[in-house]
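Below, each chain spelled out in residue letters.
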Amino acid sequence: HESLLNLALELSNLVKEKKVYYKLHPHQFNQKTAVVAACRGKSNIVIVCDDMDFPELFKLCNYVIGVHSTSLYIALQAGKKVCVYKRSNYFWHEDVFEYVELFDGVSELCDILDDPPGKYFKNIGNPPVLFQPFDAQQFVRVLEDVRMT
């Protein structure tokens, strides 16, 4: 959270004409007042809690930036351009590195966000299938396979 909040604050100074949506994790919703206070004076940062779901948020965003979150997978499957901040446990997402852009700091992120044609997001048209609708018959088959082993 601290790394991402600092990144959002830095980024907001560099892209003053654009909105930066900062989505809190559900366990942080009770900290919204403190996060809003930390962003005081940054009119282009919007703090999001449960007032906006992912599909609604994704309609407003061209890029999704994170460190370690299921939301990165949701964004990939939704066809968003995903950037992973190389902090803490980002490496847990190694399975999708070929579909995202990794970055070390705000200047590298800004280079990515400038999005020169052909340089980044080479696999954007071929996102992995990470989530599928629940299939009750397949679920029963898996349970039967587990019982047999």
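Chains are numbered independently. Their residues run from 1 in the order of the written sequence. At least 70 in pLDDT is required for a residue's local features to be given in this predicted model, at least 80 for side-chain atom pairs to be given and counted, and no such filter applies to totals for whole chains, interfaces and linings, which use all residues. Side-chain metrics rest on all non-hydrogen atoms present in the structure, leaving aside hydrogens and water.

(A) Representation of the side chain of E101. Under the scheme used here, helices are H or I runs from DSSP no shorter than 4 residues and strands are E runs no shorter than 2 residues, and both carry numbers assigned from the N terminus. Along the chain, E101 falls in strand β5 (residues 101-103). Residue exposure (1.4 Å probe, protein chains only): buried if accessible area is under 20% of the type maximum, exposed if over 50%, otherwise partly exposed. Positive charge is attributed to Lys and Arg, negative charge to Asp and Glu, and no charge count is given to His or to the chain ends. Each salt bridge in this description consists of a side-chain nitrogen of Lys or Arg and a carboxyl oxygen of Asp or Glu lying within 4 Å of one another. The buried charged residue E101 lacks any salt bridge, with K122 as its nearest oppositely charged partner at 7.4 Å.

(B) The environment of G79, seen in detail. As for its placement among the helices and strands, G79 is situated in the loop between α4 (70-77) and β4 (81-85). When the C-alpha positions of G79 and L113 are compared, they lie 16 Å apart, and in sequence the two are 34 residues distant.

(C) Just helix α6 (residues 136-148), in detail. Expected span, for any helix, means 1.5 Å times one less than how many residues it has. Helix length check: α6 (13 residues) gives 19 Å between terminal C-alpha atoms against 18 Å at 1.5 Å per residue, within 8%. Pairs of N or O atoms within 3.5 Å make up the polar contacts considered here, provided that, within protein, one atom can donate a hydrogen while the other can accept it, and that residues adjacent in sequence are counted only when both atoms are side-chain atoms. Of the residues flanking the start of α6, the one acting as N-cap is D135, its side-chain oxygen 3.1 Å from the backbone nitrogen of Q137.

(D) The arrangement of the pattern of salt bridges in detail. Under the criterion given, the structure shown has two salt bridges. Across the salt bridge formed by K86 and D104, the nearest N and O atoms sit 3.4 Å from each other. Of the two residues, K86 is situated in the loop between β4 and β5 and D104 in the loop between β5 and α5 (106-114); the sequence distance between them amounts to 18 residues. Given a relative accessible area of 28%, K86 falls into the partly exposed group. What makes D104 partly exposed here is its relative accessible area of 37%.

(E) Here's a closer look at unusual backbone geometry. Look at S88: it is not a glycine, yet its phi comes out positive at around 45°. Its location among the elements puts S88 in the loop between β4 and β5. Within the chain, D115 stands out as a residue other than glycine whose phi angle is a positive 50°. One can find D115 in the loop between α5 and α6.

Scope: geometric values only; no functional claims are made or implied.
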